[in-house]
Structures are given as C-alpha cells and as structure tokens.
Amino acid sequence: MKHLTNILICLAMSCMFFSCTTQPPAKPVYNGYFSEEELHEMRENGRASARAYLEELEKMHPDSVKTLELSWTHLDSLPDVSKYNKVWMISFSGNETPKVDKSLFSSDSLTQVSLNHCGIREIDFTEGNHIKSISLSNNELTRIPKSIRRCKNLRSLNLEGNQIRHIPRWILELDSLEDITLNFNQLKPRKSDIRHLAKAKQILVAGNGIERLPKNIGRLHCESMNLAKNKLKTLPKSFSQLKQMKNLVFYENQFEEIPEVLVDFKALKHLDFYKNNLCQIPDFVGDMDGLQQLFLSFNKIEKIPDTLRNLKQLKYLYVHHNELHFLPKWIMEMDSIERLGVGFNHLIDLPDLSKMKSLKDFDCEHNLLERFPWELLEKPDMELINARNNDFILSDEDRMRIIKASKTININY
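Residues numbered from 1 in each chain as written. Predicted model: local features only at pLDDT ≥ 70, side-chain atom pairs only at ≥ 80, totals over all residues. Heavy atoms only, no water.

Trainee: Lay out the overall build of the protein with the relevant residues and their values.
Mentor: Helices and strands together make up the secondary structure of the protein, namely four helices and 18 strands. By principal-axis analysis of the C-alpha atoms, the protein measures approximately 70 × 50 × 40 Å. Considering only contacts within the protein whose residues lie at least 6 apart along the sequence, 30% involve residues at least 24 apart. Averaging the locations of the 56 positively and 56 negatively charged side chains of the protein gives two centres separated by 7 Å. (Helix = DSSP H or I, 4+ residues; strand = E, 2+ residues; numbered from the N terminus. Contact = heavy atoms within 4.5 Å. Lys, Arg positive; Asp, Glu negative; His and termini not counted. Charge placed at Lys NZ, Arg CZ, Asp CG, Glu CD.)

Here you go:
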C-alpha cells in the first residue's frame, strides 16, 4: 500500500463493500495489437490447453476432482462433466456458450458457478441443487433466468453487465438470497421491483441511469446499497425508514446536498458521495457516530463543519478535490483517523497533524502550502505523505532530511 497515492486508496476503498462503481471490465479486446494469424494461434493454444486439461481430468478418479477451471480457453461448447460428483466450483468464463445445458450442474457438491463473458442468453439450472453463488456477469441476458428459482440455497447472485430491466416476483422465493448485483443493466426500479427485493441484504444497482427511486424504497431490509453512477438528485421520504443501513454509495450522481432523509442513520459505517455537486456537509453527518469511512471528494465543499469532530470511529476521511481553504484545528483530536485526503484544495497552512494518533497516510497534494509538514516525518507508523505540487521552499538541507525520512515513509513532494 505504501506505493499507492491516497486518491487511489480512496477509490479502492469506496468499492470495498460494493463491487465496482465504474464500468465493468469488458471482454479483452486484442484487435489492433495482434494480427489475425496471431489471434488464431492464441485461440488454438487456448483450445489445446483446454484439451490437455480435459485429458488430465480423464486420468483422474472422478471423486478426486473438486474444481473445474476452464475460463478463457476458447472452447465452443461445454464438456461433459456429469461424472464429477465432488466438484464444488465450476468456472467457464470467457467462452462462447449462448445456451448452457443443465448437465453442467449435476454435481451434488456444486456450490459455486462462474459463467461470465460467455454470451449467455439462457441457462437451465436443475432441481434440488446446492448452489450458493452464481455469477453471470457480462452476458446477453435480458431477464433474470427463471431456472434460478430452483437454486433454493442461493446466497449471492451476480448479474452485472447484462440488459435486465425488472426484478421478477419469484425472487422472493429465494429465502437464502442475501446479495444481488445488478450493476450496469437497464434497470429502472418500479414499486414492484422494490417489493421483490425486500429480503436482500445487499443490493448493487450502479450504472443503470436511475433518475429517481420508487416511493416504497423504505420497504427494503438491506444493509448495503450501491447506487453509484446513476442520475439521482433526491431521495424519496421513505428512504428515511432504512435506518438499518450500514453502507451507502452515491458515487457520481447529481446531488447538490446530502439528503435530510439520512438524518438518524446511526448504523452507517461507510458513506460515499464522491463526484456530486455538494457545497456543504450538513451538521447531521456528525451524528452518524458509527461512521468509519466518509468519502466526499470531487465536490464543491468549502468548509468541514465542527460537528464532524463527534465521529470518534472515523478511519478514512477523503475531501480532496473540493474548495477548502483551511483545516479546523480540532482535527488534531481525531485519534481514529488513519487516512486523510485533502489534496486539490486551496489550503495555505496545516495544523500539527502528528498529534493524530492513528494517522498513517496523508495526502495534501496540489494546495498552496508553503511549509512542509515536518512533524509527520517524526510520527511513528507513518507510511505515506503525498505533498506534491505545493509552494514549498526547500533548502538542500531540507531535501536531505526528506530523503532520509523516505527510508521508512513513502514521500512524494
């Protein structure tokens, strides 16, 4: 982690609980890098490796085979794997198999299925299976396959990057389903969709171009929700009923203020309003006393309110790319903060941040600072200081002091 800037750390942490908040990775594109002959050779090599792998499987006792990994092998069809009754995981991603026969799922031990980037349009799961996790991302599904209702033990369903528009009623039959990922589909939630998702604990619907949420959104029981990369400006009143929420991501929407319906969201641990149009942080954010991660970068915020000093469990505070002119002195009392990002603002001075007991990573890049934060060089456990593009005036002796400190701290200036 020492070799990453705080901005990259922040973006990574923003996605920790919620899968991606950016466009999902597309199938690898090699055209332009390789000739047709080279592409043909690559595909043939992939098929040859797959054939060799299948030949090795044939030599093994069927009960000794626990996983089947045939991703990106350029096979045109699925092999017969019905005799491998002890397989718990099958991965066949990156192969052109628009239709998947149910014989693939015959193993009584099978709990995990990964069939991403396969061009799948339909799939047939068997009755009585024990599958707990299904990933069908980046296929050509226009609806959630009905045969999934046979997966009575299903806990996690990933349908990212398809063309799904609505949530079927039968989803309610899946009593074990906790996580559903529908990022980058064509979902425009209706009241019925909300009713059908009522049991899910984690819902990811980033990148669907959603402009408004249904009025009955308060019926959900989820604790984590990713609404990144949509077009939301407001939240319905019933959103205030979701006080059980622990993780909320509104990355890259169109909010001009943090909605007041979030008052009393005391259970929140992670709140992300990256890339919106916020001008201020409302005082009630300081009442979210369980908050551990607060991401407010890429907005128009001019001031950090005094109420944030009440966040005694806050570990990550990112307010880079805003309009801040100063940091409040009380921030030195924030003993829980480990990562602080205030880069790309208008800061001309800093308080003594070495008094922040847990601080490890500090980013003040691209401000108007004239004095280097020397105190941080002496702080135990300091890992990263990113202070590039400021107005520091450094003597040769100062530079030698920084070089010496760089033996234990990653310093960019």
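Structure shown, so let's carry the discussion forward.
Trainee: Can you lay out a nonpolar patch on the surface for me, pointing to particular residues and giving the numbers?
Mentor: Together, Met400, Ile403 and Tyr413 make up an exposed nonpolar region whose accessible area comes to about 320 Å². Examined against the element boundaries, methionine 400 turns out to sit in helix H4 (residues 396-405). (Patch = residues over 30% accessible without salt bridge, like charges linked within 9 Å, V, L, I, M, F, W, Y side chains within 5 Å. Areas by Shrake-Rupley, 256 points an atom, 1.4 Å probe, with all protein chains shown as cover. Salt bridge = Lys/Arg side-chain N within 4 Å of Asp/Glu carboxyl O.)

Trainee: Run through the pattern of salt bridges, naming residues and quoting values.
Mentor: Tallied over the entire structure, the rule returns 15 salt bridges. Two residues, lysine 199 and aspartate 175, come together in a salt bridge whose shortest N-O distance is 2.6 Å. With a gap of 24 residues between them, lysine 199 in the loop between helix H3 (191-196) and strand E9 (202-204) and aspartate 175 in the loop between strand E7 (156-158) and strand E8 (179-181) connect regions that are remote in the sequence. Lysine 199 gets classed as partly exposed once you look at its relative accessible area, which sits at 40%. Its salt-bridge partner being glutamate 375, residue arginine 371 comes within 2.8 Å of it at the nearest N-O pair. (Buried < 20%, exposed > 50% of the residue type's maximum accessible area, 1.4 Å probe, protein only.)

Trainee: Please provide a residue-by-residue account of the packing of aromatic side chains, values included.
Mentor: Evaluated as defined, the whole model comprises 13 aromatic pairs. With centroids separated by 4.8 Å and ring planes inclined at 50°, the aromatic side chains of phenylalanine 372 and tryptophan 374 adopt a geometry described as tilted. You'll find phenylalanine 372 and tryptophan 374 in the same group, each marked buried. Here the aromatic cluster, defined as three or more aromatic residues joined through ring pairs, consists of Phe239, Phe250, Phe255, Phe265 and Phe273. We note lysine 275 situated over the ring of phenylalanine 298; from NZ or CZ to the ring centre the distance is 5.3 Å. (Phe/Tyr/Trp six-rings, centres within 6.5 Å; stacked < 30°, edge-to-face > 60°. Lys NZ or Arg CZ within 6 Å of the ring centre and 35° of its normal.)

Trainee: Hey, could you go over the state of the cysteines for me, with residue numbers and the actual values?
Mentor: Following the criterion strictly, the structure yields zero disulfides and no others. Cysteine 151 takes part in no disulfide bond, and the closest cysteine sulfur, belonging to cysteine 118, lies 16 Å away. (Disulfide = S-S within 2.5 Å.)

Trainee: Give a detailed account of unusual backbone geometry, specifying residues and quantitative values.
Mentor: Of note, aspartate 264 is a non-glycine position whose phi angle comes to about 75°, a positive value. Note that aspartate 264 resides in the loop between strand E11 (247-249) and strand E12 (270-272). Take aspartate 264: its relative accessible area is 44%, and that puts it in the partly exposed class.

Trainee: Could you give an account of the nonpolar core, with specific residues and numbers?
Mentor: When a protein is soluble and globular, its nonpolar side chains tend to lie buried together. Leu115, Phe239 and Leu262 are the most contacted members of the largest nonpolar core, which has 111 residues in total. Elements with a contribution of two residues or more to this core: helix H2 (36-59) and H4. Other than its neighbours up to four places away in sequence, phenylalanine 239 contacts Leu213, Ile217, Met225, Leu248, Phe250, Val261, Leu262 and Phe265. Counting residues in hydrophobic clusters, the runner-up holds eight residues, among them Ala228, Tyr251, Tyr316 and Tyr318. (Core = buried A, V, L, I, M, F, W, Y, C linked by side-chain atoms within 4.5 Å.)

Trainee: I'd love a proper account of a negative patch on the surface, names of residues and values included.
Mentor: Taken together, the side chains of Asp264, Asp283, Asp287, Asp289 and Asp306 make up a negatively charged region of the molecular surface. Mapping aspartate 283 onto the fold places it in the loop between E12 and strand E13 (293-295).

Trainee: Give a description of the environment of glutamine 293 that names residues and reports values.
Mentor: If you trace the backbone, glutamine 293 turns up in strand E13. Counting along the chain gives 21 residues from glutamine 293 to aspartate 272, while the straight-line C-alpha distance between them is 8.0 Å. For glutamine 293, the side chain forms a polar contact with the side chain of histidine 270, separated by 2.6 Å. (Polar contact = N/O pair within 3.5 Å; in protein donor to acceptor, adjacent residues only side chain to side chain.)

Trainee: Please set out a positive patch on the surface residue by residue, giving values where relevant.
Mentor: Together, Arg169, Lys191, Arg195, Lys215 and Arg219 give the surface a local cluster of positive charge. Inspection of the secondary structure puts arginine 169 in the loop between E7 and E8. Given the relative accessible area of 66%, arginine 169 is considered exposed.

Trainee: Give me the confidence of the model for the protein: which residues, what numbers.
Mentor: Taken as a whole, the protein shows an average pLDDT of 89; of its residues, 91% reach a score of 70 or greater. Throughout residues 1-31 the model reports pLDDT below 50, and contacts reaching past four residues in sequence, or to other chains, amount to 91 contacts. (pLDDT = per-residue confidence, 0-100.)

Trainee: Quick rundown of the environment of leucine 204? Include the residues and the values.
Mentor: Of note, leucine 204 is situated in strand E9. Counting along the chain gives 46 residues from leucine 204 to asparagine 158, while the straight-line C-alpha distance between them is 9.3 Å.

Trainee: Describe in detail the environment of asparagine 183, supporting the description with residues and values.
Mentor: Position of asparagine 183 among the secondary structure elements: in the loop between E8 and H3. Taking the relative accessible area as the measure of exposure, asparagine 183 reaches 0% and is therefore buried. Among the polar contacts listed, one links the side chain of asparagine 183 to the backbone nitrogen of alanine 206, at a separation of 2.7 Å.

Trainee: Any chance you could break down the side chain of threonine 181 for me, citing the residues and the numbers?
Mentor: Within the secondary structure, threonine 181 is located in strand E8. By relative accessible area, threonine 181 is classed as buried at 11%. Ignoring sequence-local partners within four residues, the contact set of threonine 181 consists of Leu157, Asn158, Leu159, Glu160 and Leu204.

Trainee: Break down the side chain of aspartate 272 for me, citing the residues and quoting the values.
Mentor: For aspartate 272, the position within the fold is in strand E12. No salt bridge is formed by the buried aspartate 272. Its closest oppositely charged neighbour is lysine 275, at 10 Å. A polar atom in the side chain of aspartate 272 sits 2.8 Å from the backbone nitrogen of tyrosine 274.

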